[in-house]
Amino acid sequence: MTLRFTSLGSGSSGNALVVESGKTRVMMDCGFTIAETQCRLERAGLESCDLAGIVVTHEHDDHLGGVARFARRHAIPVYLTRGTAQSLPEDFPAVLVRYIDSHTPFAIEALAIEPFPVPHDAREPVQFAFSDGAARLGVVTDLGCITQHVVDKLTGCEALVIECNHDLDMLMGGPYPVGLKQRVAGRFGHLDNTVAGQLVESLERSRLKHLIAAHLSQQNNTPQLARRALARAAGCEEAWIGVATQSDGFDWREA
Ligand SMILES: [Zn+2]
Ligand SMILES: [Zn+2]
């Protein structure tokens, strides 16, 4: 069996990623409307009923915004920390809630899922690593800085999806108000290209087959800059680095 994954879209206007092993498919975050999610799933050759669960990283709208309505409509269980769950609508059916602990691995059918805490300005944010027993995919899309724990969880993966939110010069020279610039660049904000590169550099990469830049700011970054930073860090061709876009995410890849 192979571990496959695809992004339905990535960025501050909405995120969703699907991981598949055999017949098990799990969605990570859903920041899109029901119609938009449906449409993006179809583009990936999937239907809503194919999903065994939705795992949620944190309560920001671009991650949690579409989860409750979509999960409810299709009766899909939602896996999230108690901190994140505080932002579910009050009338969300308890029967669909699966609380997770940010340090405790769990499984959804054939997929082993490891949550890990990250520094980000949310109540109890986590990111995830997925494994089918043979290959491992690590995803980090919202974190303000690198911790040793994050490095430990992402090291040795076959596939990595890593936040390259902004280019620091573009952010600082750009139109955002000062307070927002500080929030984004702060230790509980988002990774810039350079720090994303440092993260990649610090990982054991002998098994790495996919390296994808994600959650790019449309205002403060370009795919070229993100690609260049990760390619330099990984010591590979820029063309080898994938970029997840807001409109299309990225196509299926096999880990
Ligand atoms: Zn986000
Ligand atoms: Zn966030």
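So, here's what we can say about the structure. (Residues numbered from 1 in each chain as written. Chains lettered and ligands numbered in written order. Predicted model: local features only at pLDDT ≥ 70, side-chain atom pairs only at ≥ 80, totals over all residues. Heavy atoms only, no water.)

### Regarding the environment of Thr222
Part 1 of the reasoning: Tracing the backbone shows Thr222 in the loop between β12 (210-214) and α9 (223-234).
Part 2 of the reasoning: Sequence-wise, Thr222 and Asp29 are 193 residues apart; in three dimensions their C-alpha atoms are separated by 23 Å.
Part 3 of the reasoning: Among all residues touching Thr222, those that are not within four sequence positions of it are Met170 and Leu216.
Part 4 of the reasoning: At 3.1 Å, the side chain of Thr222 forms a polar contact with the backbone nitrogen of Leu225. (Helix = DSSP H or I, 4+ residues; strand = E, 2+ residues; numbered from the N terminus. Contact = heavy atoms within 4.5 Å. Polar contact = N/O pair within 3.5 Å; in protein donor to acceptor, adjacent residues only side chain to side chain.)

### Points about helix α1 (residues 34-43)
Part 1 of the reasoning: Among the residues of α1, Ile34, Thr37, Arg40 and Leu41 are the ones counted as buried. In an axial view of α1, the angular spread of the buried residues amounts to 135°, which keeps them on one side of the axis. Turned more than 90 degrees away from the buried face of α1 sit Ala35 and Glu42, all of them exposed.
Part 2 of the reasoning: Of the surrounding elements, those touching the buried residues of α1 are β1 (3-9), β2 (16-21), β3 (24-28) and α3 (67-74).
Part 3 of the reasoning: Positive phi appears at Gly45, one or two residues downstream of α1, with a value of about 80°. (Buried < 20%, exposed > 50% of the residue type's maximum accessible area, 1.4 Å probe, protein only. Arc of directions from axis to C-beta.)

### Re the coordination of the zinc ion (ligand 2)
Part 1 of the reasoning: Within the protein, His58 (NE2), His60 (ND1), His120 (NE2) and Asp142 (OD) serve as the donor atoms for the zinc ion (ligand 2), at 2.2 to 2.5 Å.
Part 2 of the reasoning: Every donor counted, the 4 donor atoms about the zinc ion (ligand 2) form angles of 91 to 167° at the centre, which fits irregular coordination.
Part 3 of the reasoning: Summarised as a motif, the one-chain spacing of the donors to the zinc ion (ligand 2) is H-x1-H-x59-H-x21-D.
Part 4 of the reasoning: A separation of 3.6 Å is found between the zinc ion (ligand 2) and the zinc ion (ligand 1), which are bridged by Asp142. One end of the pair, His60, is in the loop between β4 (53-55) and α2 (61-64); the other, Asp142, is in the loop between β10 (136-140) and α5 (148-154), with 82 residues separating them in the sequence. (Donors = N, O, S within 2.8 Å, 3.2 Å for Na, K, Ca; no water. Tetrahedral: all angles 85-135°; square planar, octahedral: opposite > 155°, others 65-115°.)

### Some words on the packing of helix α8 (residues 193-201) against α9
Two measures define how a pair of helices packs: the angle their axes make with one another and the distance between the axes.
Part 1 of the reasoning: Where α8 meets α9, the axes come as close as 8 Å, and the angle between the chain directions of the two elements is 25°. Overall, the two elements α8 and α9 adopt an arrangement that is roughly parallel. In this structure, α8 crosses over α9, and the sense of that crossing is right-handed. Taking contact as the criterion, the partners of Asn193, Ala196, Gly197, Val200 and Glu201 in α8 are, on α9, Leu225, Ala226, Ala229, Leu230, Ala233 and Ala234.
Part 2 of the reasoning: For the contact of α8 with α9, the per-class residue count stands at 8 nonpolar, 2 polar and 1 charged. (Axes fitted to C-alpha atoms, helices over the stretch in contact; angles between N-to-C directions. Parallel < 35°, antiparallel > 145°, perpendicular 65-115°, else oblique. Left-handed = near helix turned anticlockwise from the far one by under 90°. Nonpolar A, V, L, I, M, F, W, Y, C, P; charged D, E, K, R; others polar.)

### Notes on the pairing of β10
Part 1 of the reasoning: Among the 5 residues in β10, 5 count as buried, and that is most of the element.
Part 2 of the reasoning: Neither face of β10 is exposed, since Arg136, Gly138 and Val140 on one face and Leu137 and Val139 on the opposite face are all buried.
Part 3 of the reasoning: Where strand β9 (residues 126-131) meets β10, 4 bridges bridge the pair, whose relative direction is antiparallel. Bridging across to β10, Ser131 finds its partner in Arg136. (Pairing = 2+ DSSP bridges.)

### Description of the pattern of salt bridges
Part 1 of the reasoning: This structure, assessed with the given rule, holds 10 salt bridges.
Part 2 of the reasoning: The partner of Arg228 in a salt bridge is Glu238, with the nearest N and O atoms 4.0 Å apart. Here Arg228, found in helix α9, pairs with Glu238, found in the loop between α9 and β13 (242-243); they are 10 residues apart in sequence, far enough to count as distant.
Part 3 of the reasoning: Under the relative-accessibility criterion, Glu238 is labelled partly exposed at 37%. (Salt bridge = Lys/Arg side-chain N within 4 Å of Asp/Glu carboxyl O.)

The analysis is restricted to geometry; functional conclusions fall outside its scope.
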